[in-house]
Amino acid sequence: MTVSGFASPVVAQVTAVEASLLAFVVFTALATALARDVLAAVIVFGAYSLGMAALYTFYRAPDVALTEAAISAGVTTLLLLLTLAKTTRIDHEAAFESVNLPAAGAAGFLFVGLLLTMGDIPAIGSPDAPVWSNPDVSQWYLAESYAQTHVENTVMAVLAAFRGFDTFGEAVVVFAGGIAALIVLHREVFA
Amino acid sequence: MSDAVDDTDMTDTPADPTGDSEADESPDADGDRDDTEPDLPPHRAASRSGRLDSETRQGTPYTESQVIMPTVKVVTPFAFTYGLFITFHGSGSPGGGFQGGAIMAAVVFMIAFAFGIEATRDWLANTVVVALAVGGALAFAGIGLVPVALGGAFLQYDLLPIPILDPVKYGMEGVEIIGIAPIVSGVLMGLFFLLASGFDSEGSGFGNGSIDEDGSIDESEPIEEGGSLGEGAADAGGDR
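The model shown is predicted, which means the values in this text are computed figures rather than measured ones.

Trainee: Teacher, can you tell me more about the domain arrangement of chain A here?
Mentor: Frequently, the measure chosen for interface size is the accessible area removed from exposure when the parts meet. Partitioning chain A into structural domains gives domain 1 (3–123) and domain 2 (134–191). Just the C-alpha atoms count here: the centres of domain 1 of chain A and domain 2 of chain A sit 26 Å apart.

See the structure below:
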C-alpha cells in the first residue's frame, strides 16, 4: 500500500461527469449533516439520494439506481416531509449547525484511515477485480443464469430464482414492517 | 396547571367559551376545505386539536394548487404506466417488483399531495391497501408452496403446473408481479396514510395540549394568551 497508489492510476480515469456527481453527493451529504433546519436537511437529503441514483446509473447498476431513486429520493423524502408537517417548525437564526470539533476530528480520522486503503482497491471497471473475475460466483451466474432461469436480467434471476427463499424473507420483512407501524401507532386500519 | 388558574382572572373567564369555539374552527377553515367537520374520524379530530400550535404557524400540509393539480393529472398515467412496465418487464430489463411497486405507490402519493390526503384516503379504501399487502404475501407463499405440494422444493419453479408457457420464467414473473409488487406498494401506501393520520395519542403524553385537573384538554391556552406561550411550552415539557 503506497500513497502514490491511489494518486496516479485511479484519479486519472475519473471523468468530468463522474467528478461532478461525486462532488455533488459529498456536498449534499455535508449539507444534510450541517443544516440546522430539519426541513432543509430533508430536502437536501432527497437531492443526495438523487445524486447517488445518478452515480449508480453511471456505474452501470441500473437496478440499484431505480431502487435508490424510487425509495430514497421519492418515498422516504415524502414520508419524512409528511412527518415534519406534523411537528412545530422552529425558526433558526443560523443556517448551519455549529461543528462539534471532537466529532469532526473523529470523522476526519476515520475518513483519512479509509482513504489510505484506497490504494489496494481495484480500479473501477477493472477486469481483474476479484468480484468480477471470480469463476465460481460472478462468472458462474453470468454464464448459467439464462440457461437455468430463462430470464435475461441476471439480477432478477439471482433474486427470484437462485436466492428466491431470501427474497421471500425480504418480502415478509416488508409486510411485517407495515404491521409493526400499525402496532406502534396504535391503529387498526391503514387508510 | 396552577399557572393557568392563576392567570385567568375574572374578566377572562366569560370570554373562554367563545375563544374555545374559535380555536376549534379556525384550523378547519384554513385548510382541508374538502373536509366536512361532522364526519371527521375521532382520531383525526383529536390529533388535530392537539397540534394547534404547529398548524396555526405553518398551516396544514394540503393546499389546493392550480399548478400542482393539472401537472399531476398529466403525469399520473405516464408514471403509473412506467411503474407497470418496470414491474412486468423486470425479467428482460432493469427493475422488478420492488422498484415497480414503489413507483406505483409513489403515484398514489402524488395524487394525495395534489388532491388532498383525506380525499385520497376515502377513494382508496383500507380494504384495497390491506388486500394488496396480504394478497401479495399469500401469492408469493403460494407460488413457493405449490411445488412443495407436488413433491419438490420451495420455489422450485419447473414443477409449477403452468400450461404452454415456460413455468420457470413465468413462475418468476408471477413472484415479481403478483407477489413482491403488491406487497411493496400496499405497505408503502399504508405507511403513507398512517403517517398522515398521525399518532393516536390516547393514554400517552405525545401531542397533547396541557391537561386540566378535570381531565379536559385545555387546547385554547397557547393561543388565547399570546404572552404565556412560553409558559404553555414549559408546561408541556413538564408533563412529559
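The rest of the description comes next.
Trainee: What exactly am I supposed to notice about the UniProt feature "transmembrane region" (unreviewed entry) in chain B here?
Mentor: All names here are of chain B. The positions that UniProt labels "transmembrane region" (unreviewed entry) are, in the present scheme, residues 67–86, 98–117, 129–157 and 177–196. As annotated, residues 98–117 has a helix share of 95% and a strand share of 0%, and its two end C-alpha atoms lie 24 Å apart. Along residues 129–157 one finds 72% helix and 0% strand; the C-alpha atoms at either end are 28 Å apart.

Trainee: What's the story with unusual backbone geometry in this structure? I'm lost.
Mentor: Excluding glycine, residues mostly have negative phi values, and the peptide bonds linking residues are mostly trans. The phi angle at His-186 of chain A is positive, at roughly 60°, despite the residue not being glycine. Turning to its location among the elements, His-186 of chain A is positioned in the segment after α10 (164–184). One non-glycine residue, Ile-164 of chain B, lies in positive phi territory at about 65°. You can see Ile-164 of chain B is positioned in the loop between α8 (126–149) and α9 (167–197).

Trainee: Help me out: how do you make sense of the confidence of the model for chain A in this one?
Mentor: Do not read the fine detail of predicted coordinates wherever pLDDT is low. Residue and element names in this part refer to chain A. Looking at chain A as a whole, the pLDDT averages 87, with 93% of positions reaching at least 70. Per-residue pLDDT, averaged within each element of chain A, yields its smallest value for helix α1 (residues 3–7) (43) and its largest for helix α4 (residues 38–58) (94). Predicted confidence for residues 1–10 stays below pLDDT 50, and this span has nine contacts to residues more than four positions away or in other chains.

Trainee: Whenever I open this one, the nonpolar core confuses me. Can you help?
Mentor: Side chains of a nonpolar character, in soluble globular proteins, are inclined to be buried together. Judged by nonpolar contacts, the single largest core of 66 residues is most densely connected at Ala-102, Ala-105, Ala-106, Phe-109, Val-184, Leu-188 and Phe-192 of chain B. Contributing elements (two or more residues each) for this core: α4, α5 (62–84), α9 (154–162) and α10 of chain A together with α6 (97–115), α8 and α9 of chain B. Tallying contributions element by element places α9 of chain B first for this core, with 17 residues. Setting aside its immediate chain neighbours within four residues, Ala-105 of chain B contacts Val-75 of chain A together with Val-184, Ser-185, Leu-188 and Met-189 of chain B.

Trainee: Explanation requested: the environment of Leu-115 of chain A in the structure shown.
Mentor: All names here are of chain A. Along the chain, Leu-115 falls in helix α6 (residues 101–116). The exposure class assigned to Leu-115 is exposed, which follows from the 11 C-beta atoms found within 10 Å. Distance in space between the C-alpha atoms of Leu-115 and Asp-91 is 38 Å, their sequence separation being 24 residues.

Trainee: Please explain the confidence of the model for chain B as it appears in this structure.
Mentor: Residue and element names in this part refer to chain B. Averaged over every residue, the pLDDT of chain B is 71; the share at 70 or more is 57%. For residues 40–59, every residue scores under 50 in pLDDT, and the model assigns this stretch 35 contacts once sequence neighbours within four places are set aside. In this model, residues 203–240 is a region of pLDDT below 50 whose contacts with residues beyond four sequence positions or in other chains number 49 contacts. Taken together, the chains of this predicted complex give a pTM of 0.72 and an interface ipTM of 0.84.

Conventions used here
Residues numbered from 1 in each chain as written. Chains lettered and ligands numbered in written order. Predicted model: local features only at pLDDT ≥ 70, side-chain atom pairs only at ≥ 80, totals over all residues. Domains from an automatic or database assignment. UniProt positions renumbered as here; feature names shortened; annotations may be inferred. Helix = DSSP H or I, 4+ residues; strand = E, 2+ residues; numbered from the N terminus. pLDDT = per-residue confidence, 0-100. Contact = placed C-beta atoms within 7 Å. Core = buried A, V, L, I, M, F, W, Y, C linked by C-beta atoms within 7 Å. Buried ≥ 20, exposed ≤ 12 C-beta atoms within 10 Å, placed from the backbone.

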